[in-house]
Amino acid sequence: MAMSAGTVPVTGERAEFAAPGEGLPPARRRWRRWVIVAVVLVLLGAGALAVAGGVFADDGGSTVSSDNGSATSLATVTRQSLSETTQVNGVLGYAGSYTVLGRAPGTVTWLPKLGQVIRQGQVLYWVDGTPVALLYGSTPVYRALAEGATAADMTGNDVAELNHDLVALGYVRKSDVDAAWDQFHWATRAGVKKLQKHLGVDQSGTLLLGDVVFLPSAVRVTALQAALGGRASGPVLHASLTARTVTVALAADLQSEVKAGDKVTITLPDGRSTPGTVTAVGTVATAPSNTSGGSDSGPTVPVTIQPTDAAATGSWDQAPVEVAITDQTVRDVLAVPVFALLAQSRGGYAVEVVNPDGIHHLVPVSPGLFDDATGLVQVTGSGLSAGQHIVVPAS
């Protein structure tokens, strides 16, 4: 238990108990909180013994002296902000998962390296010595793209994607396609020729099925499915997006406590921490498969987290991380160590305040938000103010 700077030891009869959450699974923060409260309730018996021994005169703030053999210390009542967090385990990696399918017959003659990032207009792989380029779009390639006899002969979402790509790459002026993005016309054909020149292939102005691959954005190669010298049709490689993400399998009974927009702290494998934000919380719970014959961990829902600074997460992929999700914050409140709380024989809680003259007395308090990260709890009660010294068990 962390003590405020400048705490001094005093003596007084108090119960001893373990630190908050010791030995408990990190994903069950709510359970840990109630364990803390349950342990404090044990002090009901200890409090009664203390009254009999003259440590506490009553529960209402009467003046008493504390002089027995149990080791205690002094902590200071503070006024500060506290946060309630959900502690969970997660996996750091990259967003998205895509399988790149070869649509052209032939032989694979070049493949990228694992981890290589490929962007708009760059080469994904080669077939028969010819590059297959990456273009951005959500509609997959399903036909050849060429200028038709009339504008209506070649229209659709795939054509609109192609025109947007050609504009983004600087091969077509926006004004030339702005009136009809979904039509393959002369400007589109001219732009395709410039793309083909950049790739070093014949400038036909036509894209045959398999010449390009549409994916939502830049991708990072995660696995190679095809082999050099193998067939180009079928799965060629697997890729993810380049955006960093943390995924969490959250216990389903904690779903209501986490929402999109919640701030988090991500603890990396090397111990460094970096902030992030919850971007999505799943609504469908799944039960984990149990192949070992033991008990499983119960149903979970997926939670997606975006690191604030992607560069700060390093280059780890599928790395285990710890995540503290901040789901509630209170500001400018009185705070005391959790183990300063004393359960009273007539119900409720109190803290043992030490006056400047060394006299001890109990001040009734109502606990509020528990901050597991700091071991502090929000308290309210008349007669309590920031700067007062209170008795806590010695660490």
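Look above for the structure.
This is a predicted model, so every value here is computed, not measured.

A. Representation of the overall build of the protein chain within the structure. When helices and strands are tallied, the protein chain shows five helices and 21 strands. In the protein chain, which comprises 395 residues, the proportion classed as buried is 42%. Only carbon and sulfur atoms are counted for the fraction: they give 54% of the accessible area of the protein chain, which is about 19000 Å².

B. Summary view of the side chain of T274. Mapped onto the fold, T274 is located in strand 14 (residues 273-281). Overall, the relative accessible area of 5% leaves T274 in the buried class. Once residues lying within four places of it in the same chain are set aside, the contact partners of T274 are V264, T265, I266, L268, D309, A312 and T313.

C. Spatial organisation of the pattern of salt bridges. Scanning the model with the defined rule gives seven salt bridges in all. Two residues, K174 and D178, come together in a salt bridge whose shortest N-O distance is 3.3 Å. The exposure class of D178 is partly exposed, given its relative accessible area of 40%. Residue R272 is joined to D270 by a salt bridge in which the shortest nitrogen-to-oxygen separation is 2.8 Å.

D. Focus on the nonpolar core. In terms of nonpolar packing, the biggest core is built from 21 residues, with L145, L162, L166 and F184 touching the most fellow members. Looking at this core, the elements that each hand over two or more residues are strand 8 (130-136), helix 3 (157-168), helix 5 (186-199) and strand 9 (212-215). For L166, the residues in contact, after removing those within four places along its chain, are Y171, V172, T188, G191, V192 and L195. Among the nonpolar cores identified, the runner-up in size contains 20 residues, and L334, A343, F370 and L384 belong to it.

E. Structural context of the sheet that holds strand 9. Spatially, 5-7-8-9 is the arrangement adopted by the four strands of the open sheet, whose pairing is mixed. Both outer strands of the open sheet, strand 5 (108-110) and strand 9, are each paired with one neighbouring strand and no more. Across the sheet, the mean angle from the axis of one strand to that of its neighbour is 35°, orientation sign disregarded. As paired strands, strand 8 and strand 9 are joined by four bridges and run parallel to one another. Within strand 9, the position partnered with A133 by the bridge is V212.

Thresholds, definitions, all that
Each chain has its residues counted from 1, running along the sequence as written. For this predicted model, a pLDDT threshold of at least 70 governs which residues receive local features, and a threshold of 80 or more governs which side-chain atom pairs are given and counted, while totals over whole chains, interfaces and linings are taken from all residues. The side-chain quantities take in all heavy atoms of the structure and omit both hydrogens and water. Numbered from the N terminus, helices here are DSSP runs of H or I no shorter than four residues, and strands are runs of E no shorter than two. Classification of residues uses two cut-offs on accessible area relative to the type maximum, computed with a 1.4 Å probe and protein chains only: under 20% is buried, over 50% is exposed, and between them is partly exposed. Accessible areas in this description were obtained via Shrake-Rupley with a 1.4 Å probe; residue shielding takes into account the shown protein chains only. Only heavy atoms enter the contact rule, under which two residues are in contact if any of them lie within 4.5 Å. By convention in these notes, a salt bridge is any Lys or Arg side-chain nitrogen within 4 Å of a carboxyl oxygen on Asp or Glu. Buried Ala, Val, Leu, Ile, Met, Phe, Trp, Tyr and Cys residues form a nonpolar core when they are joined through side-chain atoms within 4.5 Å. Strand pairing follows a simple DSSP-based rule, namely that at least 2 bridges must link the two strands. Geometry is summarised by axes, namely lines fitted to C-alpha atoms with helices restricted to the contacting stretch, and by angles between N-to-C directions that run from 0 to 180 degrees.

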